[in-house]
Every structure is written in structure tokens, then in C-alpha cells.
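Examining the three-dimensional arrangement
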Amino acid sequence: MRIPDELRSLRPYQPGKPISETQREYGLSQVIKLASNENPLGISPLAQQALRSAIKEQFRYPDPSCFELHQKVCNLWGQAHSRVSFGNGSDEIIDLLIRIFCDPHDSILISEYSFQAYEVSAGSSRVNVIKVPTAPGFKIDLKRLTETYFKQRDSHKIRMIFIPNPNNPTGSYLPEADVKQFVQDVRNEKDLVVVFDEAYHEFIRAQDYESMLNAVDNQGNFCVIRTFSKSLGLAGLRLGALIGPTELVEIYNRIRKPFNVNTMAQVAAIAALDDKEFIRKTQEVTWEGLSYWYKELERLGLPYYPSQGNFILVDTLRRAEDVYQNMLRKGVILRPLRNYGFVNHLRISIGLPAENQIGVKALEECLAEIPPLPPEQRCP
Ligand SMILES: *Cc1c(COP(=O)(O)O)cnc(C)c1O
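Cut-offs and rules
- Throughout, residues of each chain are indexed from 1 in the direction in which the sequence is written.
- Only residues with pLDDT of at least 70 are given local features in this predicted model, and only at 80 or more are side-chain atom pairs given and counted; all residues enter the totals for whole chains, interfaces and linings.
- Think of the side-chain values as coming from all heavy atoms in the structure, minus any hydrogens and water.
- In DSSP terms, a helix is any run of H or I states spanning at least four residues, a strand is any run of E spanning at least two, and both are numbered starting from the N terminus.
- Note that the radius of gyration is over C-alpha atoms, with the globule rule given as 2.2 Å times the number of residues to the power 0.38.
- Burial classes: relative accessible area under 20% of the type maximum marks a residue as buried, over 50% as exposed, and values in between as partly exposed (1.4 Å probe, protein chains only).
- All accessible areas in this document rest on Shrake-Rupley with a 1.4 Å probe, and a residue is counted as covered only by the protein chains that are shown.
- Asp and Glu are treated as the negative residues and Lys and Arg as the positive ones, with His and the ends of the chain left uncounted.
- We put the charge of a Lys on NZ, of an Arg on CZ, of an Asp on CG and of a Glu on CD.
- Nonpolar cores are built from buried Ala, Val, Leu, Ile, Met, Phe, Trp, Tyr and Cys residues. Side-chain atoms within 4.5 Å join them into one set.
- Contacts are residue-level and defined by heavy atoms, with any inter-residue pair within 4.5 Å sufficient.
- Whether a residue is near a molecule or strand is decided by its heavy atoms; if any one of them lies within 4 Å of it, the residue is near.
- Polar contact is the term for a pair of N or O atoms within 3.5 Å; when the atoms are in protein, one must be able to donate a hydrogen and the other to accept it, and sequence-neighboring residues count only if both atoms are side-chain atoms.
- Lines fitted to C-alpha atoms define the axes here, with helix axes fitted over just the stretch in contact, and angles between the N-to-C directions of these axes take values from 0 to 180 degrees.
- What sets the label is the angle itself: under 35 degrees gives roughly parallel, over 145 gives roughly antiparallel, 65 to 115 gives roughly perpendicular, and the rest give oblique.
- Here is the rule for handedness: rotate from the far helix to the near one, and if that takes an anticlockwise turn smaller than a right angle the crossing is left-handed, while a clockwise turn gives right-handed.
- Each residue is assigned to one of three groups, with Ala, Val, Leu, Ile, Met, Phe, Trp, Tyr, Cys and Pro labelled nonpolar, Asp, Glu, Lys and Arg labelled charged, and all others, Gly among them, labelled polar.
- Two joining distances apply to patches: 9 Å for like charges and 5 Å for nonpolar side chains (Val, Leu, Ile, Met, Phe, Trp, Tyr), and every residue must have over 30% relative accessible area and no salt bridge.
- Should a side-chain nitrogen of Lys or Arg be within 4 Å of a carboxyl oxygen of Asp or Glu, the pair is scored as a salt bridge.
- Between any two strands, pairing holds if DSSP finds at least two bridges.

**A word on the overall build of the protein chain**
Along its length, the protein chain carries 13 helices and 13 strands. In summary, the protein chain has a C-alpha radius of gyration of 21 Å against a globular reference of 21 Å for 380 residues, a match within 12%. For the C-alpha atoms alone, the extent of the protein chain along its principal axes is close to 55 × 55 × 55 Å. Buried residues in the protein chain amount to 55% of all 380 residues. Surface summary for the protein chain: the accessible area is close to 17,200 Å², and the carbon and sulfur share equals 51%. Treating the 45 positive side-chain charges of the protein chain as one cloud and the 46 negative ones as another, the clouds have centres 3 Å apart.

**What to know about the nonpolar core**
Within the largest apolar cluster, 51 residues are counted, with the highest numbers of intra-cluster contacts made by Phe 182 and Phe 196. The greatest single-element share of this core, amounting to eight residues, is contributed by helix H10 (residues 263–274). With residues up to four places along the chain from it excluded, the contact list for Phe 182 reads Leu 142, Leu 145, Thr 146, Ile 161, Ile 163, Val 194 and Phe 196. Counting residues in hydrophobic clusters, the runner-up holds 31 residues, among them Leu 297, Ile 312, Leu 328 and Ala 362.

**Some details on the site of the ligand**
Taken together, the residues surrounding the ligand are Gly 89, Ser 90, Asp 91, Phe 115, Asn 168, Asp 197, Ala 199, Tyr 200, Thr 227, Ser 229, Lys 230 and Arg 238. Asp 197 places a polar side-chain atom, nitrogen or oxygen, 2.6 Å from a nitrogen atom of the ligand. At a separation of 2.6 Å, an oxygen atom of the ligand approaches a polar side-chain atom of Ser 229. In isolation the ligand offers 390 Å² of accessible surface; the protein chains occlude 93% of this area.

**Comments concerning the packing of helix H5 (residues 89–101) against helix H6 (residues 117–124)**
Contact geometry of H5 with H6 gives a least axis separation of 9 Å together with a crossing angle of 45°. If you check the angle between H5 and H6, you find them oblique. In the crossing of H5 with H6, the sense of the turn from one axis to the other is right-handed. Contact with H5, carried on its side by Asp 91, Ile 94, Asp 95 and Ile 98, involves Ala 117, Tyr 118, Ser 121, Ala 122 and Ser 124 of H6 and no other residues of that element. Considering only residue class, the contact of H5 with H6 consists of five nonpolar, two polar and two charged.

**Thoughts on a nonpolar patch on the surface**
A contiguous nonpolar surface patch, about 400 Å² in accessible area, is contributed by Met 1, Ile 3, Leu 7 and Leu 10. A relative accessible area of 31% means that Leu 10 is categorised as partly exposed.

**Some remarks on the pairing of strand S10 (residues 311–315)**
By the criterion of burial, S10 is predominantly enclosed, with five of the five residues buried. Of the two faces of S10, both are covered, the one formed by Phe 311, Leu 313 and Asp 315 as well as the one formed by Ile 312 and Val 314. Relative to S10, strand S9 (residues 304–305) runs antiparallel, the two being bridged by two bridges. Paired with Tyr 304 across the strands is Val 314, a residue of S10. Between S9 and S10, which pair antiparallel and follow one another directly, the connecting turn spans five residues. Sheet topology note: the S10/strand S13 (residues 345–349) ladder contains five bridges and is antiparallel. Across the sheet, Asp 315 pairs through a bridge with His 345, a residue of S13.

**Digging into the environment of Ser 291**
Mapped onto the elements, Ser 291 comes out in helix H11 (residues 276–300). A C-alpha to C-alpha distance of 19 Å links Ser 291 and His 345, two positions 54 residues apart in sequence.

**Quick notes on the pattern of salt bridges**
Applying the stated criterion across every chain yields a total of 21 salt bridges. Where Glu 277 meets Arg 280, a salt bridge forms, and the shortest distance between an N and an O atom there is 2.9 Å. Here Glu 277 pairs with Arg 280, and both are found in helix H11, just three residues apart, close to one helical turn. Judged by its relative accessible area of 39%, Arg 280 is partly exposed. With its nearest N and O atoms 3.6 Å apart, the salt bridge here joins Lys 295 to Glu 296. Residue Glu 296 is classed as buried on the basis of its relative accessible area, which comes to 11%. Residues joined by salt bridges that share partners form a network here, namely Lys 295, Glu 296, Arg 299 and Glu 364.

**Quick look at the sheet that holds strand S12 (residues 335–336)**
The strand order across the open sheet formed by four strands is S9-S10-S13-S12, and the pairing between neighbours is antiparallel. For this open sheet the edge positions go to S9 and S12, each flanked by a neighbour on one side alone. Sitting on the sheet, H11 touches S9, S10 and S13, and the angle it makes with S10 is about 10°.

**Considering the environment of Ser 121**
Checked against the element boundaries, Ser 121 lands in helix H6. For Ser 121, a relative accessible area of 8% corresponds to the buried category. Spatially, the C-alpha atoms of Ser 121 and Ile 98 are 7.3 Å apart, while their sequence positions differ by 23 residues. Each residue touching Ser 121, except ones within four places of it in the same chain, is listed here: Asp 91, Ile 94, Asp 95 and Ile 98.

Have a look at this one:
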């Protein structure tokens, strides 16, 4: 078959290993998953209730306009109706935006060690990816992104820049002042769209962070995406939101499939947004879990990167693949990051207190069983 070369060499997105698969493969009954930044509290009770009463409606096609959800989100986030739409996870939004704004062999510009979905989606649309090195601490280097953009804009036909804030898998964030400066620097670029991915917005505690949501207007060349998969606990239902200039949202609505957001996702999201107590508890569990892991990682002598998300990037000082496999045998799923170019780092999602304790105990055993890598073999 004639399959385009770019597609033959495409590396797929590497999701966290499912619990059921791990149980089957390792013959384990108890497995905990600290691998996909899911909400350890599960689904909000209000959303569960809404889901139960929506079951009987599932013989009908979903509402293609997501009318009630749209209403709710626009009120809650103070947005004009023409500037909001939804996707089957932010995944789908990322994919469609690339299809809309890039022709094959155009380029997107991203930071090294930033969320892998941008690269995978670009690849499947046969769009090139230009990566800019990070600043120390794996922080996204906005100045360097700007410089690279202006240097390579014409030669590489750069059409989009993706900025996850905070970033996954590093947990680093960008302060408001830097983001505003960046937006200012590129705001007259008519052939450029900047996407701010705020998947972890609810977890951020840094005082100098500000969402770009309120800065979206019809004159700007940027948009914001949010997900319902993390703090709102609906990863399995697939729902993301797009907030952007009217012109962008209009074309997005023409390109997306009419039933991309199913009824269960719509009703659950409306209820989840109302469940303030659940969101508050989620933040509390996450922040306490982060402190617990920081303390334990310090005790174990493992370097880590302070996180504004619900996960931590950890330097295991060992071959991360060995640690990952060893942890699987102990019934703990972590996230390997080899596709990002990390050799000795893993990502750990914050779980419930009991899960975090099991995770720490397993990791401590692991460290005794696996010898450290000589420093010259560690990377980056
Ligand atoms: C988890 C995550 C998403 C959300 O993906 P969904 O497709 O909405 O589940 C988006 N961006 C980043 C940076 C993420 O980590």
C-alpha cells in the first residue's frame, strides 16, 4: 500500500497503561494507577446522578450545539457565546485546530518537553514540528520561542504555537507578565495562531499566574483550551472546551463533527461544574498529595520539579524504564517519558493519600533493587 513516509514514521501518543491490562499481564488483583493525571476522587456525586438519569436518553443523537453546557460555560467563564465551543476531549480540539490552520509541510512551533499530543496531531496532518529548548528547570522559554518564530516563520511556514500552561509533563508554569509580553510580541502576526492549553488551571497556586481566558477577544490571534478530564474528573467521557476569537470558533464549528460531544459528557459536565465542593476537595487532595510526595522524594534523595499540576516530574537517577517495569510488578503504574527524550525521569500523578503511600513504599523498594545510572548516562 502507498502510505506516506511521514505517516509510516509517526510515533503514536503513549497513554498511561490501563489498570485492567496491568492486572492481566502481571496477574495482580490490586493495581493503582498514578499515570494519567486523572482525578483520584473519581466522578463528582452530582455528575454521577446526572449520568444515571441520562441513561434512558441514550437512544437519541446528542445535542450538536451542546446548548445547556454552552450556556453554563459562557456564564461561568464570562464569555460571549460566539467565542466558545467544545470537543471530544481537548485532544480533538488540538487535532482540528492543526487541520484548520496548517497545510501539510507547514510547521507548528512548540517547546521541548511539552505535551506530546501537539506533536502527534501535527504528525498525523503531515505538519512539521519545530522544537525550542527549555530554560533551566524545564521551563518553557518564551523569549526563545519568539526569536525562533521570527527567524523561521517564513522559511518553515510556522502557523501555530502551542503553549501548555502549566506544562505536562514538567509541571512548570509561565507567569502572567511573560505570557502578556509574548502575546504582545506576536499579536500582529496574521498567519499565526497561538494556543494556550490550560488543562491544569484549577491546580495552579502560583500568585503570578493568570489564565488567558479573559484576554481572548476578536482582535487577538490566540485561543485557550480547557479540559474536563483532570480536576472535573470526566476523562472517560471525553470533553474539552475551546475559547477563541469568533472567527476561529466559527470555522472550528464547521469542521468538527456535529455529534463530537456525546450526551453523557454534556450532562455530566453541567453537573460537575456545579459541584464546587467536589472541585474544592480535588484541590485539597492534590495539594496535600503534592506536599506528601515532595517530602518523601526528598527523604529518598530523588530530585523533582515543583509542579503546578496534579503530577510530579521525578528524576529517578536510574534507568526510568527499569523503575517503571519494577513498579508495575509491584502493582503501581507510573508514566514513562521515553517519547519525550527523558532517560531517567518518570511522571507520578497524585493519588488518594493511601495510594500515595503505597506508591512511596513501592518506589523505596525499587530504589534498593535498581542501581543508579552513572551520571554521564543520565539524560537530559
Ligand atoms: C491531560 C491534558 C489535556 C487533556 O486532554 P483531554 O483530551 O481533554 O483528555 C490537554 N492538555 C494537556 C497539557 C494535558 O496534560
